[in-house]
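Chain and residue survey
In case you want the letters, here they are:
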Amino acid sequence: MVDLNKIAKKWQSKWEKAKIFEADSARGKKKFFVTFPYPYINLYPHIGHFYSIMRTEAFIRYKRMQGFNALFPQAWHCTGSPMTNAALRIKEGEQRQVKTMKDMGFKDEEIKKFEDEKYWIKVFSKGWEEDLRKVGLAIDWRRNFITTSLNPHYDKFVQWQFRILKQKGLVEKGKHPVIWCTKCNSPVGDHSRIEGEGETPQEYTLIKFKFDDSYIVAASLRPETVFGQTNMWIDPNVEYVKARINDKETWIMSKECANKLALQDKKVEIVGKIKGRDMIGKYCRAPGVDKDIIILPSSFCDPKVGSGLVTSVPSDAPDDWIGLYDLQRSKEECEKYGLNWEKIKAIKVIPIIKTKEFGDKAAVKICEDINIKNQHEREKLEKARKIVYKAGYHTGIMNENCREYKGMKVEEAKEKIKKLLLKTGQADVMYEPTAKVVCRCLTESVVKIVSDQWFIKYGDKEWKKIAHKCLDQMNLYPENVRTQFNYVIDWLNDWACTREFGLGTRLPWDEQWVIESLSDSTIYMAYYTIAHKIKEIPIDKIDDRFFDYVLLGKGDKKKIPVNSKTLDSLRAEFEYWYPMDFRNSGKDLIQNHLTFSIFIHTAVFPKKHWPRSFGCNGWVTINGKKMSKSLGNVIPLREMVKQYSADGSRITILYGGEGLDDANWDSELARSMKTKVEQLLMFCKKNYNNGVEEKRAIDDWMESKLNEIVKQTTEAMEITMFRSAIQIGYFDLQRALKWYLRRAIKPNKKLMNKIIETQILLLTPFTPFVCEEAWEMIGEKQFISNAEWPKPDLKKIKPEVTIAEDIVRETIDDINSVLRLTKIDKPSKIMLFVAEPWKYELYKVLGRELGKSYDFKVLMSKAMKNDKIKKYGQDASKIIQKVIKSGKGVSDVLDYKLEQKVLVESKKFFEREFGCKVEIEEADKSKEPKAKQALPGKPAILVEK
Ligand SMILES: [Zn+2]
């Protein structure tokens, strides 16, 4: 029995001894440099990491076999809150975190040690390296490093980078809204979120409604709808607060809103309270329309959202319409709150916006369209709100009753009305996240306006132009992510790049700040080129001049306190390896990490050192289900390898998907792949150097197929379509081989050896351990990891040979169907009739003309121009009609003589397959009526009992 784990261990140790993945610059030799984003090492690698990193791995192994000097380094990310927060959660004894640690196999005594964030780094950097080595990744481990001030060399590199950005005016102190955690007292970057990645601050218009000596405030994304206001919504059960704002006015809002405003550049002082119930039935003055509107009860005013009060525009907001409709239908509900039912019923929807889809009462129409019964159908209402908002925004036109805005596009009126309301003091501004965001410390995030923060100016228009230029010259895999990259470049805003605490690099000119994790990870790929050598240089000798010289070729070497030879060798390393050729990550990093990398590269490096390509992949699903902690289906890599072997896991995950589609991990498939990997070894053993010397027609076919497979597999590998590569290079090849052995009985020895060699070469990027073993078994002395990727011999790809073999295979299938239909188990004789020569002529005509026309008359007249067909007009017309009806056209056919030859040569094979005599006849010389049914590529079949 094959022991895959033993084999993996053997080759892992051989590779390590031979240092085959340690890549050094070699001037004149073509190179390929790939990276996978350095992971946070606050847990062991799992299947999600594994998929993205395997795409990097398969690509670099392929490039290595293509003759490139291949570099795949890997570092660890320790910056920022993920580890600090996790350590804090351990200290606080937070149960979920403790359970996570237990699940990873840590004992109680050890878990305590994780209160220190440095202990995380110690444990998991070791764990990651072990796991990645075990699974066979072709990594140059000499270049491994960690981030933060715990690695002073890297620390200086990040500081150097930030000084450059500062000099160029690309880092500035500014006042900006950011997503904020009140517990951590810090901005919440994408990587610090457990929910809401990619969400950003969104500006609301906070409309003010005069109410006694105060103002009720209500947040709106649609200030243009002020003309349609009919009432104010309030939650009767909520206690609202009265707050002095900037010592000037008193506003009424939810307590949560007051807390948020205090973070948004406002002085907020709570001066009183007021119950929602106590305001019902009273009136407030609506700005924009200058009329009094009544305050009514509803169930959908969430005190956590906006101000906790909502201005009601039933014409265009489905919630408002259905809320009003609910009240108008219930006398009881009105009386409960002391409202005059007749008065409520008299409130009319005011149409203000016209759209093509929904007319002028969009909210009313959509509630009818999707059958919303009452205000408690939250999901449907949310959907309706989005649809109406989109339609109104893009195609809406303001109605006659909208004063000077009548006839104006909503898109345009919105900005104008907002401006006017702000200018006249009838509104203010408030920010909310675009959707729920939860910090890793489990606190729901809010928006804070920070003013002493440092920002990287991704919002800069000129910089965006250069970033686009960089993107334009890059290859993207798959190409269709380009739209998203373009969108992100345009949409990105200034980015808060510092935090007040956590591990990291201090901002060099303002050391109270620590650079956050998405900002110290933008150009570190450049650091890989020298990471193994810079370690040797004493830290006090390294300053900006060092990096200027080594990474930019700038400055006077003599002024740098490092010896000149060392400097030159480091410079040479960088110039050899840079730019980076390929970086792969999950698609979730497009919106930040990958795009940041483009921006910063263009700011720091000359054009020739901008990144060459990015690859992006989808999520991983497990047995068809979303991967999630709560489902408990996140498989740690170490478990996978134990259960399915390294090779089995590698090929299964890459066969799970490609492009942006989610990759599915199928445990059943993994089990069967493991078996297949084992069988491969036995198959090679049994068949290598086994076979006959003579060469037959079927050998030509196999050779043609083999070369075609090599060609197609290579094409798929080139564009990182690894699933296709496995499909063609493994499954299709195995199927072809099976057919070949059935046909040939004994394979041609030379060809068989070639097939075996090719098969293991094509599999090496996916299952390197077993391929090394097989390679050694067939007598090769070098590592297959370093062997040359097979090249297709295009001259040996012969389409007519493939067609010929297809005819044989399909004829076998057809004979089997006939036997089933006629219920004959053991035929005494089978006759095959080759179609009449004129039919081949007809097929040629149809092959040429179909597609240009499917008209019977046209096709018939074309066919009748051919003298050889003309005589058989009636039969020809039947065939043409049949072909048109099938809708499939005609398949490629051989010519008459060749098809006949193929069938005659395969006579013995047919006889062997069916255990009876087989005769091949020409249809036009036969008296059998059946013979007339023969078509090109489809001989007629007669079976005798
Ligand atoms: Zn937090």
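Residues numbered from 1 in each chain as written. Predicted model: local features only at pLDDT ≥ 70, side-chain atom pairs only at ≥ 80, totals over all residues. Heavy atoms only, no water.

**Things to note about the overall build of the chain**
Selection criterion: Helix and strand labels come from DSSP, where a helix needs a run of H or I of at least four residues and a strand needs a run of E of at least two; each type is numbered from the N terminus. Think of it in three bands: with a 1.4 Å probe and only protein chains considered, a residue is buried below 20% of the maximum accessible area for its type, exposed above 50%, and partly exposed in between. When checking whether two residues touch, look at their non-hydrogen atoms; a contact exists if any pair is within 4.5 Å. Residue burial considers only the protein chains on display, and all accessible areas are found by Shrake-Rupley using a 1.4 Å probe. Counted as positive: Lys and Arg. Counted as negative: Asp and Glu, with His and the chain ends omitted from the count. A charge is said to be at NZ when it belongs to Lys, at CZ for Arg, at CG for Asp and at CD for Glu.
For the chain, the count of helices and strands is 36 helices and 31 strands. Judged by the C-alpha coordinates and their principal axes, the chain covers about 110 × 80 × 55 Å. By residue count, 57% of the 945 residues in the chain fall in the buried class. Within the chain, contacts between residues at least 6 apart in sequence are counted, and of these 77% link residues at least 24 apart. In the form shown here, the chain has an accessible surface area of approximately 42,300 Å², with 50% of it arising from carbon and sulfur atoms. The distance from the centre of the 165 positive side-chain charges to the centre of the 134 negative ones in the chain is 2 Å.

**Here we look at a negative patch on the surface**
As a reminder of what qualifies: Only residues whose relative accessible area exceeds 30% and that take part in no salt bridge are eligible for patches, with like-charged residues grouped when within 9 Å of each other and nonpolar side chains (Val, Leu, Ile, Met, Phe, Trp, Tyr) grouped when within 5 Å. For this analysis, a salt bridge means a side-chain nitrogen from Lys or Arg found within 4 Å of a carboxyl oxygen belonging to Asp or Glu.
The grouping of Glu195, Glu256, Asp302 and Glu444 at the surface amounts to a negative patch. Take glutamate 195: it is sitting in strand β5 (residues 193-195).

**Some thoughts on the packing of helix α3 (residues 81-91) against helix α6 (residues 117-134)**
Condition: Axis definition: a line fit to C-alpha positions, over the contact stretch in the case of helices; interaxial angles, taken between N-to-C directions, run 0 to 180 degrees. An angle below 35 degrees is treated as roughly parallel, one above 145 as roughly antiparallel, one from 65 to 115 as roughly perpendicular, and anything else as oblique. Left-handed describes a crossing in which the near helix is turned anticlockwise from the far one by less than a right angle; the clockwise case is right-handed. Throughout this entry, Asp, Glu, Lys and Arg are counted as charged residues, while Ala, Val, Leu, Ile, Met, Phe, Trp, Tyr, Cys and Pro are counted as nonpolar. The remaining residues, Gly among them, count as polar.
Running from N to C, α3 and α6 point in directions that differ by 110°, and their axes come no closer than 8 Å. One element, α3, and the other, α6, form an angle in the roughly perpendicular class. Remark: the crossing between α3 and α6 carries right-handed chirality. Touching Met83, Thr84, Ala86, Ala87 and Ile90 of α3 are Glu117, Trp120 and Ile121, all from α6. In terms of residue class, the contact of α3 with α6 is built from six nonpolar, one polar and one charged.

**Topic: the packing of helix α31 (residues 837-849) against helix α32 (residues 856-864)**
Interhelical geometry of α31 versus α32 gives an angle of 135° and a closest axis separation of 10 Å. Between α31 and α32, the interaxial angle falls into the category oblique. Seen along the crossing, α31 lies across α32 with a hand that is right-handed. Contact residues: α31 offers Leu842, Val845, Leu846 and Glu849, while α32 offers Leu859, Lys862 and Ala863.

**So, the sheet that holds strand β29 (residues 829-834)**
For clarity, the threshold we go by: At least two bridges found by DSSP between two strands is the condition for calling them paired.
Here three strands make up an open sheet; going across it, the order is β30-β29-β31 and the pairing mixed. In this open sheet, the two edge strands, each paired with only one partner strand, are β30 (917-922) and β31 (940-944). Taken pair by pair, the neighbouring strands of this sheet meet at an average axis angle of 20°, ignoring direction. Together, β29 and β31 form the strand contacts of helix α30 (residues 799-822), whose direction differs from that of β31 by roughly 45°.

**A look at the pairing of strand β17 (residues 427-433)**
Counting buried positions along β17 yields six of seven residues, so the element is predominantly enclosed. Bridge count between strand β6 (residues 201-211) and β17: seven bridges; the pairing is antiparallel. Its bridge partner being in β17, leucine 206 is matched across the sheet by aspartate 428.

**Re the domain arrangement of the chain**
This is how the line gets drawn: For every domain, the bounds stem from an assignment made automatically or drawn from a database.
Domain parsing of the chain yields domain 1 (201-433) and domain 2 (803-944). The distance between the C-alpha centroids of domain 1 and domain 2 comes to 75 Å.

**Looking at helix α24 (residues 646-655)**
Counted residue by residue, α24 has ten buried out of ten residues, so it is predominantly covered. The set of residues buried in α24 consists of Ala646, Asp647, Gly648, Ser649, Arg650, Ile651, Thr652, Ile653, Leu654 and Tyr655.

**Focus on helix α34 (residues 873-886)**
For clarity, the threshold we go by: Here the expected length of a helix is defined as 1.5 Å per residue gap, with one fewer gap than residues. By definition, the arc is the one covered by directions from the helix axis to the C-beta atoms.
The end-to-end C-alpha distance of α34 is 20 Å, a good match for the 20 Å that 14 residues give at a rise of 1.5 Å each. Among the residues of α34, those classed as buried are Gly873, Ala876, Ser877, Ile879, Ile880 and Val883. Buried residues of α34 fall within an arc of 165° about the axis and therefore sit on the same side. Exposed positions of α34 whose direction lies more than 90 degrees from the buried face are Gln874, Lys878, Lys882 and Lys885. The inward-facing, buried residues of α34 contact α31, α32 and α33 (867-870). Positive phi appears at glycine 887, one or two residues downstream of α34, with a value of about 70°.

**So, the nonpolar core**
The line we're drawing: Remark: nonpolar core denotes a set of buried residues (Ala, Val, Leu, Ile, Met, Phe, Trp, Tyr, Cys) joined through side-chain atoms within 4.5 Å.
Membership of the largest hydrophobic core comes to 146 residues, with the highest contact counts inside it found for Phe124 and Phe766. The element best represented in this core is helix α27 (residues 722-744), accounting for twelve residues. If near-sequence neighbours (up to four positions away) are discounted, phenylalanine 766 is found in contact with Ala58, Asp647, Arg650, Ile651, Leu654, Met717, Phe722, Ala725 and Ile726. Counting residues in each nonpolar core, the second largest holds 74 residues, with Phe33, Ile515, Val562 and Tyr578 among its members.

**Things to note about the coordination of the zinc ion**
So the rule is basically this: Listed donor atoms are N, O and S within 2.8 Å of the metal (Na, K and Ca: 3.2 Å). As water is not included, a site may look incomplete. Site shape is set this way: if four donors have all angles between 85 and 135 degrees, tetrahedral; if opposite donors are over 155 degrees apart and all others between 65 and 115, square planar for four donors and octahedral for six; otherwise irregular.
For the zinc ion, the protein coordination sphere consists of Cys181 (SG), Cys184 (SG), Cys439 (SG) and Cys441 (SG), at 2.2 to 2.3 Å. Taken together, the four donor atoms coordinating the zinc ion span angles of 104 to 115° at the metal, a pattern that classifies the geometry as tetrahedral. On the primary sequence, the residues serving as donors to the zinc ion are separated as C-x2-C-x254-C-x1-C. Each member of the pair, cysteine 181 as well as cysteine 184, is classed as buried.

**Regarding the sheet that holds strand β1 (residues 31-35)**
Pairing is parallel across the open sheet formed by five strands, whose spatial order is β2-β1-β24-β25-β20. Across the chains shown, the open sheet's two edge strands, defined by having one partner strand only, are β2 (69-71) and β20 (475-477). The sheet shows a mean angle of 20° between the axes of neighbouring strands, taken without regard to direction. Two elements, strand β24 (residues 582-586) and strand β25 (residues 613-617), share four bridges in a ladder whose sense is parallel. Each residue of the ladder has a partner; that of serine 585, found in β25, is cysteine 616.

**A short note on the packing of aromatic side chains**
Formally: Any two of the Phe, Tyr and Trp rings considered here, Trp counted by its six-membered ring, make a pair once their centres fall within 6.5 Å; the pair's planes then place it as stacked at under 30 degrees, edge-to-face at over 60, or tilted in between.
Overall, the coordinates contain 58 aromatic pairs when judged by the stated rule. A centroid spacing of 5.0 Å and a plane angle of 75° characterise the contact between phenylalanine 114 and tryptophan 120, whose relative ring orientation is edge-to-face. This pair shows no difference in class: phenylalanine 114 is buried, exactly as tryptophan 120 is. Ring geometry for tyrosine 655 against phenylalanine 731: centres 5.0 Å apart, planes inclined by 45°, an arrangement best described as tilted. With tyrosine 655 in helix α24 and phenylalanine 731 in helix α27, this residue pair connects regions lying 76 residues apart in the sequence. Using a relative accessible area of 11% as the deciding quantity, one classes tyrosine 655 as buried.

**With respect to the side chain of glutamate 703**
By the element assignment, glutamate 703 lies in helix α26 (residues 697-718). Its relative accessible area of 16% is what places glutamate 703 among the buried residues. Apart from the residues lying within four places of it in its own chain, the contact partners of glutamate 703 are Lys695, Leu751 and Lys796.

**Section: the pattern of salt bridges**
One pass over the structure, following the stated rule, counts 77 salt bridges. In this structure, arginine 545 and aspartate 543 form a salt bridge, with 2.8 Å as the shortest nitrogen-oxygen distance. Between arginine 848 and glutamate 849 there is a salt bridge, and its shortest N-O distance comes to 3.9 Å. Within this structure, Glu22, Asp24, Asp140, Arg142, Arg143, Lys533 and Glu573 form a network of salt bridges that share partners.

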